Amino acid sequence: MNRRRFLKSMAVSSTVAVSAWPVRAENGAALAQASVAPGCKVLTVEQAFLLDALAEQIVPADDFPGAKEAGAVMYIDRVLAGNYGRFYRDRYAQGLALFDTASDKRFGKRFVSLNSSEQNQLVKAMDSGEAGGIEGKSFFSLLLRHVMEGYYGDPQHGANRGAASWKMIKFVG
Amino acid sequence: MANQKVDVIVVGSGAGGGVMAKELATAGLSVVVFERGHVYTTANYNHDELESQYSVPPAYGPSVYDNPRTFRYTDREEATLSYPGINSKYGKTAAAVGGATLAYGAAAWRFKREDFRMKSTYGSIPGSSVEDWPIGYDDLEPYYEKAEYELGVSGLADADPFAEPRKKPFPLPPLPINRQGEIIRDAGRRLGWHPFPPPFAIITQPYHGRNACVQCSWCLAYACEAGAKSGTQITMLPIALKTGKCEVRANSFVTRITTDNQGRPNGVQYFDAKKQGHEQSADLVVVACSATETPRLLLNSANKFHPKGLGNSSDQVGKNLNDHTGADAFGLFDFEIPHDKGPGPSIAFNDWNHPKTRDVVGGGYIYNYYCTLPIEFASNRPPGAARWGKEHKDFQRKYFHRYLHLGSNCQAMPQERNRVDLDPKVRDAWGLPVARVTHELMELDHTIANFVMDKEEQLLREAGAIRVWRGGNGRGGVYDHQNGTCRMGDDAKSSVVNRYCQSHDVDNLFITDGSVLVTDAGFNPSLTIQAVSFWAADYIKKQWSGSAWREGKKG
């Protein structure tokens, strides 16, 4: 996506799922993949792209935003950088790596390079334990919890932008 | 802080401790209340699922890293480390001024007559240490009434045909019925059951200078900014403080009860917020720190006079740790059920709590649950339904307002093997051995919960649910309703305190929290803990005038 289309998609809030962390698509490739992602404290660029893709599988965009656009990466980064992050940081580092290992094994590609249907297939396999064993299954449960917390939680935590999910389910608080 | 000797130290400011502080201070005794948690004010209260008592970290303490515990199902396994909110086996009880009552659900039940006479009613139960209480419903009735009137309990007298007789009506009318309540009321009637509005320590009209409930959706696990929920921080402690005889020492963690050269308690050692050590002397010590922390404090207070722990000549301190099983059932509907009025529960049934048929041991009341919140709903799906993806999102959208959650607190059987003791290795931030919790449910506990869930599913189907499923209980673990670790009894060999919550071993030590409950009931315990605390306070006040406990004179 070039910058012009990127801005356009932001403006109309379309069904195209844009990332909520301030990556610029036209120079994303130039960012060092191992450096900390823009706007984040813990997640690397590489991890943030991967989490974007996973979040979009967990809550995909339709006429309401998906978890990627709603800010899942920002929420998870806050959790990892927060006072209790030490309980989760290693699990995220290992768990995210498992996704790429499994993806490479099955498709010969990184997870972010798979098409949506391949990604969906791999997430299902991770969820069932088939792709990453007990470790992968357990990490996916944690990830699922965090994505749901962010997406359906209070917008102040960064992953329910514009309270979109609350509008969707008509939650008035 | 200068150590000026006081009459009474109360350790813990929750349900039991708050009552004790208020009763003794208003009787003219000087009291220091120790509370390890903070003072929270409405500035700290919020409506946010990620900042509730059930979140990580729990909004109202205890602080996560300072307060580990260890947990194991049985003593055949190694206990594993757990932290508040991080490991689900760590109880959710707040550490705050007001204790758990700061953010509780405020259900305010009287136990039934049978609940005090479980062994007589059902006989011995293999594997269980079930016993009768040394006191009964009639002993506590005046104290239940006192608790209801001082807290401001809302409810409707005579609406529950299975309730024990009461001398006075509830001080306040019940919470108004909501749409969920209407649906299960009508369905229940069609089944021949007996619906009624459940009692809550939530005021429904202005009462004692406090404002009425505004019926928001954020109740259980949230502190009440309206001031309608009757936690001790807004009911008991302000009255105690107003006497000028009581001090609440927050952020102060009591590590040991000290004794004199005859082995009688004479004060406590504690750390302040800066982890500086201090001592406080008193003639009488009341412990009310919850069924986990109370036995821990007594065991950590072992000395040459009390080698097994203070008040533990019976070796019963910490044993018989018990908690309710949950019995939840969920229904989906093809019509809208608006979340129109909080806190949520507005109809209950007691038909399956000690049913006359006796086809179950104990049982539990059934009620429509607290208002469902978005994250909570996202994590609850019927078996086989998608837990993520497009299908999950569609479900969330379609059913958030077509959903009904029934809940219950089912009686579980006490077992001696379930216990709190001191972990041999793990220490907390103050260097003290932490509580090691050993807890595993027995088969009968699951049977009782399944019995109640069968009834809930029946009710949901009658109400027109198109899909029904149930929750479950894991292998073990204790949560908000923990009890039983310093049981009361007439026999000093088999119980920790007598009928007045007084230690069998040392006469100037009392315990007034969930620890003294001999058995739990199919009801939330807070009103009973408070009635028992009023009862024990009455005894202390009567005995005090003879100054039996003063200056170490043996009573």
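Here goes a summary of the coordinates provided. What you are looking at is a predicted structure, and each value in this text was computed from that prediction instead of being measured.

### Structural notes on the overall build of chain B
Logical step 1: Looking only at helices and strands, chain B has 10 helices and 19 strands in total.
Logical step 2: In terms of its C-alpha atoms, chain B occupies a principal-axis envelope of roughly 70 × 50 × 50 Å.
Logical step 3: For chain B, buried positions account for 58% of its 555 residues.
Logical step 4: In chain B, 73% of the contacts between residues at least 6 apart in sequence involve partners at least 24 apart.

### Notes on the interface of chain A and chain B
Logical step 1: Listed per partner, the contact involves 20 residues of chain A and 22 residues of chain B.
Logical step 2: Considered class by class, the residues forming the side of chain A that touches chain B number 12 nonpolar, five polar and three charged.

### Describing the sheet that holds strand β14 (residues 403-407) of chain B
Residues and elements named next belong to chain B.
Logical step 1: A sheet is described by the order of its strands in space; here six strands give the open sequence β5-β12-β13-β14-β11-β18, paired in antiparallel fashion. One side of each edge strand has no neighbouring strand; the edge strands of this open sheet are β5 (195-196) and β18 (467-470).
Logical step 2: The pairing of strand β11 (residues 329-332) with β14 spans four bridges and is antiparallel. Following the sheet pairing, glycine 331 is matched in β14 by leucine 404.

### Looking at the sheet that holds strand β17 (residues 433-438) of chain B
The strands making up a sheet are joined through hydrogen bonds of the backbone, oriented either antiparallel or parallel.
All names here are of chain B.
Logical step 1: Pairing is mixed across the open sheet formed by four strands, whose spatial order is β4-β3-β17-β16. Single-partner strands in this sheet number two, and they are β4 (80-82) and β16 (419-427). Each strand of the sheet is rotated relative to its neighbour by a mean of 40°, with strand direction disregarded.
Logical step 2: Sheet analysis places strand β3 (residues 69-72) next to β4, joined by three bridges and oriented antiparallel. The residue bridging phenylalanine 71 from the neighbouring strand is threonine 80, located in β4.
Logical step 3: Packed on one face of the sheet, helix α6 (residues 293-300) meets β16 and β17 and runs near 65° to β16.

Calculation criteria
- Residues numbered from 1 in each chain as written.
- Chains lettered and ligands numbered in written order.
- Predicted model: local features only at pLDDT ≥ 70, side-chain atom pairs only at ≥ 80, totals over all residues.
- Helix = DSSP H or I, 4+ residues; strand = E, 2+ residues; numbered from the N terminus.
- Buried ≥ 20, exposed ≤ 12 C-beta atoms within 10 Å, placed from the backbone.
- Contact = placed C-beta atoms within 7 Å.
- Nonpolar A, V, L, I, M, F, W, Y, C, P; charged D, E, K, R; others polar.
- Pairing = 2+ DSSP bridges.
- Axes fitted to C-alpha atoms, helices over the stretch in contact; angles between N-to-C directions.

Remember, this is a structural readout, not a statement about activity or role.
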